[in-house]
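Survey of secondary and tertiary structure
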Amino acid sequence: MNSELIRADRDRGFADWGATVVLRRVAQSFSAESGSLGETYEDRDVTAIAGEAGLAAVAGTAGHAGAFAQMFLVRSEDVEQEANLRTMRVVYAQEEYRIDEVEGWGSAGMKLLKCNRV
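1. Overview of helix α1 (residues 2-17)
The first and last C-alpha atoms of α1 sit 23 Å apart over 16 residues, in line with the 22 Å expected at 1.5 Å per residue. Among all positions of α1, only R10, G13 and F14 are buried. Buried residues of α1 fall within an arc of 100 degrees about the axis and therefore sit on the same side. Summarising the geometry of α1, the exposed residues directed more than 90 degrees from the buried face are E4, R12, A15 and D16.

Written as structure tokens, this is what we have:
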């Protein structure tokens, strides 16, 4: 019963604040003939709650370089079939973000995707 209440509240929050984002699976290929690296994409829509975007310091630069950071909260069941979320990207508001870290909140049935702009 308790988990049902938590999921009902969670789903209400996604209905109120959620936005459709694209979860992008990226496959890279290398052409030995041309020496170029290519990418192909497999996209699907998921509902996410986007956090506030900001500039984060890049490790090892003593604060002299920054990366545009964004966080997305998604329902676990929306991404559970993905073997490794860190190899994917999120497209939101015409920007593409690589997923650098995934934090799971099992009892709430959510995952937090910590991303940086590509």
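Don't stop here, the text continues.
2. A closer look at the pattern of salt bridges
On inspection of all chains with the given rule, the structure shows 16 salt bridges. Residue R10 pairs with D11 through a salt bridge whose shortest N-O separation is 2.9 Å. By relative accessible area, which is 7% here, R10 ends up buried. Between E96 and R89 there is a salt bridge; the shortest N-O distance is 2.9 Å. One exposure class covers both E96 and R89, and it is buried. One salt-bridge network, held together by shared partners, links R7, R10, D11, R75, E77 and D78.

3. Observations concerning the pairing of strand β5 (residues 88-92)
Looking along a regular strand, one sees side chains alternate from face to face of the sheet. Burial analysis of β5 places four of its five residues in the buried class, the great majority of the element. Direction of pairing for strand β1 (residues 19-31) relative to β5: antiparallel, over a ladder of four bridges. By the bridge assignment for β5, L23 is matched with V90. Summarising the sheet, β5 and strand β6 (residues 95-105) pair through four bridges and their orientation is antiparallel. Looking at the pairing, V90 lines up with Y97 of β6. Two successive antiparallel strands, β5 and β6, enclose a turn made up of two residues, where A93 displays a positive phi of approximately 50 degrees.

4. Regarding the confidence of the model for the protein chain
For the protein chain, the average pLDDT comes to 88, and 92% of its residues sit at 70 or higher. At the low end of the mean pLDDT range in the protein chain sits strand β3 (residues 54-57), at 72; at the high end sits β5, at 96.

5. Thoughts on the nonpolar core
Judged by nonpolar contacts, the single largest core of 14 residues is most densely connected at L23, F72, V90, I99, L113 and C115. Contributing elements (two or more residues each) for this core: β1, β2 (36-50), β4 (66-75), β5, β6 and β7 (110-117). Once you skip the residues sitting within four places of it in the chain, C115 turns out to touch F68, A69, Q70, F72, V90, Y97, R98, I99 and D100. By size, the runner-up hydrophobic cluster in this structure holds six residues, among which are F14, L73, A108 and L112.

Reading the values: the criteria
Residues numbered from 1 in each chain as written. Predicted model: local features only at pLDDT ≥ 70, side-chain atom pairs only at ≥ 80, totals over all residues. Heavy atoms only, no water. Helix = DSSP H or I, 4+ residues; strand = E, 2+ residues; numbered from the N terminus. Expected span 1.5 Å × (residues − 1). Buried < 20%, exposed > 50% of the residue type's maximum accessible area, 1.4 Å probe, protein only. Arc of directions from axis to C-beta. Salt bridge = Lys/Arg side-chain N within 4 Å of Asp/Glu carboxyl O. Pairing = 2+ DSSP bridges. pLDDT = per-residue confidence, 0-100. Core = buried A, V, L, I, M, F, W, Y, C linked by side-chain atoms within 4.5 Å. Contact = heavy atoms within 4.5 Å.

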